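Tertiary structure, described
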Amino acid sequence: MSQMKFEDLLSEINGFGRFQKMVLCINFFGRFSLACHFLLGNFIAVIPSHHCSTSSLDADEIFENLTREERLTVSIPVQDDGTPASCHMFSYPQFHLLSNSSSPSEVAVVQCQNGWEYDNSTFISTLATQWDLVCDKRALSRLTTTIFFIGVMFGAAAFGSLSAMFGRKPMLLVSYMLGMGFGLCSAFSSSFIMFAVLRFFTGFTITGSVIISTILNVEWVSIEHRKLVGVIDSLSWTFAFMSFPLVAYLIRDWRWLTVAISLPTVTAIITWWWVPESARWLIANGRVDKAHYYLHKCAVMNRKKEIIVRNRKYSYLDLVRTPKMRKLALLTGITWFAVATVAYGISFNISSFGLNRYLTQFVYGAIEIPAKLSIYYLLDKFGRRITQAGSLLFVGISLMINIFIPKGEMVRTVIAVLGKGCSATSFGTVILYSSELYPTVVRQNGMGYNSFVARLGVSVAPLILLSDDVWSYFSQVILSSLGLSAAFVAYLLPETRGRCLPETIEDVEGIRSKNG
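You'll find the protein entered in an unreviewed UniProt entry as Solute carrier family 22 member 7-like, with Sinocyclocheilus grahami given as the organism. UniProt's Subcellular location (unreviewed entry) comment on the protein is quoted here verbatim: "Membrane".

This is the structure we're talking about:
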């Protein structure tokens with residue numbers, strides 16, 4: 001079956017009818033848990049204010065009679081900002097400080113001897129309070145986010161290959177069930193190591209749902225509706241990003257918050273029974289009868305189309321066997337890496353503006369609504385390539401501007417939010433754009449590869465933010481440079497607006513040679 005025949009057939013049976021809307025709706029809500037897991041670290045990995053525990057001194061009767069403030073005064077040194085030191089305590093109580101507020105420099109201090117006391121006014125429990133991930137172990141709390149996204153990175157490659165081999169539908173169920181299972185198990189971890197390992201497998205398994213559902217949405221709709229589907233597809237993330245702060249605000253314990261965002265996958269598992277296999281994939285793999293079964297479910301067909309059976313199996317190697325495919329893989333890979341790194345570099349940095357953590361996360365989610373709705377207009381007016389390159393360019397510029405604006409200024413927050421909006425536009429565009437660039441026979445492999453590279457970027461994002469310890473604007477410089485560089489790379493990609501989805505690698509090579 002040529003690409004034109006399939007597109008004609010899809011249009012004939014209505015390329016965006018009730019069938020496609022049902023698939024789109026099921027996949028929309030099926031992603032809720034995944035998107036929430038992406039942001040989970042912003043809340044469960046928080047390190048609240050803390051100081052050395054003074055409980056060991058309670059046995060002293062004199063100490064017992066002191067108020068909490070007096071206990072802190074005689075046992076914990078004061079930092080320059082007037083708050084108790086987080087990681088040190090006096091080697092023995094300094095009772096003279098009750099009458100003399102100045103702390104002599106020669107007083108010996110030691111590291112915390114008996115654990116820490118935490119400020120639980122905002123969070124009942126976090127990873128830091130659960131396993132004392134503070135002071136020397138401070139980086140471990142942030143490391144869980146990187147570990148999760150390394151799992152997502154490898155999961156994207158694995159599910160891209162598996163769904164190309166075994167089909168979209170069965171691997172979607174595997175992703176849902178294992179993702180929810182590992183997510184729930186991680187909530188009841190008895191050690192930090194156990195939690196880190198389970199977070200890796202949560203990321204590894206749950207990521208299949210997004211790359212597979214994206215492909216299913218695109219492969220079941222006609223050319224003129226791919227743009228709309230891409231926007232709705234992308235808004236599913238926004239829906240979760242805006243809902244998650246409310247869930248996190250109501251549930252302040254890290255274990256129950258993890259449970260709360262993992263359980264909604266039950267709905268996705270139930271509705272999975274109504275999800276169809278991709279007819280394009282079935283035809284590409286020679287399973288014509290099954291393809292007709294789903295096409296008949298989509299609409300009553302009046303005649304049987306002639307289909308050429310393709311029995312050849314495709315793999316990730318097919319992404320680099322031919323020159324135009326190699327170029328495509330290189331350009332989309334760089335673009336995905338930058339889009340993901342910048343987007344999550346901004347999302348993970350919600351505490352740098354001095355605003356309420358929950359409010360900032362909500363605003364970051366809310367700005368995505370107009371940003372992603374604008375995609376519908378931009379893709380039609382300017383096409384995929386200009387929208388992709390332009391949005392990355394504006395992200396890079398906004399991050400660069402903020403390097404020169406002092407922290408705490410409201411205009412800095414406004415520019416950051418606008419930058420977040422542009423990054424949402426670039427993310428929403430790159431998913432649709434890439435799925436249109438790759439041919440059916442390797443589309444799932446292509447999206448798996450791109451998702452792998454993107455998750456590599458997301459894994460790197462928390463580490464880039466740690467560079468602020470060297471210079472407070474270092475991460476902004478890195479993220480800005482990535483955005484600007486990727487804008488140039490994205491501009492080198494071919495336009496796909498109004499074109500049929502390529503079915504074979506030969507189609508891609510032919511299209512490229514004709515259109516430059």
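Let's pick the thread back up.
**Points about the overall build of the protein**
Looking only at helices and strands, one finds 24 helices and four strands in the protein. Split into buried and exposed, the 516 residues of the protein put 58% on the buried side. Long-range contacts, defined as pairs at least 24 residues apart, comprise 80% of the intrachain contacts of the protein with a sequence gap of at least 6. Split by element, the accessible area of the protein, about 21400 Å² in all, is 64% carbon and sulfur.

**Some details on the pattern of salt bridges**
Enumeration according to the criterion identifies 10 salt bridges in this entry. Across the pair Arg168 and Glu219 runs a salt bridge whose closest N-O atoms are separated by 3.0 Å. Remark: Glu219 occurs in helix α11 (residues 208-219) and Arg168 occurs in helix α9 (residues 168-187); sequence separation between them is 51 residues. We note that Arg168, like Glu219, is buried. Among the ionic pairs, Glu368 bridges to Lys372, the shortest N-O distance being 3.1 Å.

**A short note on the packing of α11 against helix α22 (residues 440-466)**
Viewed as axis vectors pointing N to C, α11 and α22 meet at an angle of 140°, and their least axial separation amounts to 10 Å. Considered as vectors, α11 and α22 are oriented oblique to each other. Our pair here, α11 against α22, has a crossing hand that is right-handed. Residue-level contacts link Val210, Ile211, Ile212, Thr214, Ile215 and Glu219 of α11 to Thr440, Arg443, Gln444, Met447, Gly448, Ser451 and Arg455 of α22. Residues that form the contact of α11 with α22 fall into these classes: five nonpolar, five polar and three charged.

**A word on empty space enclosed by the protein**
Under the criterion given, the structure shown has seven cavities of 30 Å³ or more. Put simply, the largest cavity is a space of about 150 Å³. Among the elements of the structure, α12 (226-250), α17 (323-347), α19 (368-381) and α21 (410-437) are those that each provide at least two residues to the lining of the largest cavity. If you tally residues by element for the lining of the largest cavity, the top one is α21, at six residues. Residue composition of the lining of the largest cavity, by class: eight nonpolar, four polar and four charged. In terms of domain composition, the lining of the largest cavity takes at least three residues from each of domain 1 (1-45 + 135-313) and domain 3 (321-509).

**Digging into the nonpolar core**
Looking at soluble globular proteins, one finds that nonpolar side chains tend to be buried together. Trp220, Phe244 and Tyr344 are the most contacted members of the largest nonpolar core, which has 95 residues in total. Here this core spans two domains, and each of domain 1 (1-45 + 135-313) and domain 3 (321-509) adds at least three residues to it. Apart from the residues within four sequence positions on either side, Tyr344 is in contact with Phe38, Phe149, Trp237, Phe241, Phe427, Val458 and Ala461. In terms of nonpolar packing, the next biggest core, distinct from the first, is built from 16 residues, Leu319, Leu328, Ala329 and Tyr433 among them.

**Side note on the side chain of Arg168**
Residue Arg168 is classed as buried on the basis of its relative accessible area, which comes to 1%. At a separation of 3.0 Å, a polar atom in the side chain of Arg168 contacts the side chain of Glu219. Within polar-contact distance, the side chain of Arg168 engages the side chain of Gln444 at 3.5 Å. When neighbours within four sequence positions are excluded, Arg168 is seen to be in contact with Ser163, Ile212, Ile215, Leu216, Glu219, Glu277, Ser278, Trp281, Thr440 and Gln444.

**Digging into a positive patch on the surface**
Among the surface-exposed residues, Arg287, Lys290, Lys297 and Lys313 lie close enough to one another that they form a single positively charged patch. Looking at the secondary structure, you find Arg287 in the loop between α15 (279-284) and α16 (288-298).

**A few points about the side chain of Thr332**
In this structure, Thr332 sits in helix α17. A polar atom in the side chain of Thr332 sits 2.8 Å from the side chain of Tyr438. Apart from residues lying up to four places away in sequence, Thr332 is in contact with Ser434, Leu437, Tyr438, Tyr449, Asn450 and Leu493.

**Some points on the state of the cysteines**
With the rule as written, the count across this model stands at two disulfides. The disulfide bridge from Cys52 ends at Cys112, spanning 1.9 Å between sulfur atoms. Judged by the sign of its S-S torsion, about -75°, the cystine formed by Cys52 and Cys112 is left-handed. Taken together, the residues Cys52 in strand β1 (residues 50-52) and Cys112 in the loop between β3 (109-111) and β4 (116-118) connect sequence positions 60 residues apart. Cys112 matches Cys52 in its accessibility class, with the two residues each being buried. In this model, Cys87 is linked to Cys135 through a disulfide, with the two sulfur atoms separated by 2.0 Å. Around the S-S axis, the bridge from Cys87 to Cys135 shows a dihedral of about -105° and counts as left-handed. Taken together, the residues Cys87 in the loop between α6 (68-75) and β2 (88-90) and Cys135 in the loop between α7 (127-131) and α8 (138-166) connect sequence positions 48 residues apart. Residue Cys87 is classed as partly exposed on the basis of its relative accessible area, which comes to 23%. Counting its disulfide-bonded cysteines in sequence order, the protein shows a connectivity of 1-3, 2-4.

**What to know about the environment of Thr146**
Relative to the assigned elements, Thr146 resides in helix α8. Remark: the alpha-carbon pair of Thr146 and Ala196, spanning 50 residues in sequence, is separated by 9.8 Å. With residues near it in sequence (within four places) discarded, Thr146 still touches Ser459, Pro462 and Leu463.

**Quick notes on the packing of α21 against α22**
Between α21 and α22, the shortest axis-to-axis distance is 9 Å and the interhelical angle comes to 150°. When the axis of α21 is compared with that of α22, the two are roughly antiparallel. Taking contact as the criterion, the partners of Phe427, Ile431, Ser434 and Ser435 in α21 are, on α22, Arg443, Met447, Asn450 and Arg455. When grouped by side-chain class, the residues that make up the contact of α21 with α22 number three nonpolar, three polar and two charged.

What counts, and where the lines are drawn
Per chain, residue numbering runs from 1 following the sequence as it is written. Where totals are concerned, whole chains, interfaces and linings use all residues; where local detail is concerned, this predicted model gives features only for residues with pLDDT of at least 70, and gives and counts side-chain atom pairs only at 80 or more. Hydrogens and water molecules were not included; the side-chain quantities draw on all heavy atoms of the structure. UniProt positions are given in the numbering used here, feature names are shortened, and annotations may be inferred rather than shown by experiment. Numbered from the N terminus, helices here are DSSP runs of H or I no shorter than four residues, and strands are runs of E no shorter than two. Working definition: with a 1.4 Å probe on protein chains only, accessible area under 20% of the residue-type maximum means buried, over 50% means exposed, and in between means partly exposed. Contact definition: two residues touch when any of their heavy atoms are within 4.5 Å. Residue burial considers only the protein chains on display, and all accessible areas are found by Shrake-Rupley using a 1.4 Å probe. By convention in these notes, a salt bridge is any Lys or Arg side-chain nitrogen within 4 Å of a carboxyl oxygen on Asp or Glu. For helices, the fitted axis covers only the stretch in contact; all axes are lines through C-alpha atoms, and the angles between them, taken along N-to-C directions, range from 0 to 180 degrees. Note that the term roughly parallel is reserved for angles under 35 degrees, roughly antiparallel for angles over 145, roughly perpendicular for angles of 65 to 115, and oblique for everything else. Left-handed describes a crossing in which the near helix is turned anticlockwise from the far one by less than a right angle; the clockwise case is right-handed. Residue polarity follows a fixed list, in which Ala, Val, Leu, Ile, Met, Phe, Trp, Tyr, Cys and Pro are nonpolar, Asp, Glu, Lys and Arg are charged, and the others, Gly among them, are polar. Space inside and on the surface of the protein is sampled on a 1 Å grid over the protein atoms alone, with a cavity defined as a set of points where a 1.4 Å probe fits but cannot get out and a pocket as an open set with protein on both sides within 12 Å along at least 5 of 7 lines; lining residues have an atom within 4 Å of a point. Grid points are joined across faces, edges and corners, and a volume is the space filled by probe spheres set on the points. For the domains described, the bounds stem from an automatic or database domain assignment. The term nonpolar core refers to a set of buried residues drawn from Ala, Val, Leu, Ile, Met, Phe, Trp, Tyr and Cys, joined through side-chain atoms within 4.5 Å. Contacts described as polar in this section are N or O atom pairs within 3.5 Å, which, within protein, must combine one atom able to donate a hydrogen with one able to accept it, while residues neighboring in sequence count only if both atoms come from side chains. Residues enter patches when they are more than 30% accessible in relative terms and free of salt bridges; like-charged ones are connected within 9 Å and nonpolar ones (Val, Leu, Ile, Met, Phe, Trp, Tyr) within 5 Å. Under this rule, positive means Lys or Arg and negative means Asp or Glu; His and the chain ends count for nothing. Charged side chains are reduced to one point each, which is NZ for Lys, CZ for Arg, CG for Asp and CD for Glu. Note on terminology: pairs of cysteine sulfur atoms within 2.5 Å are recorded as disulfides.

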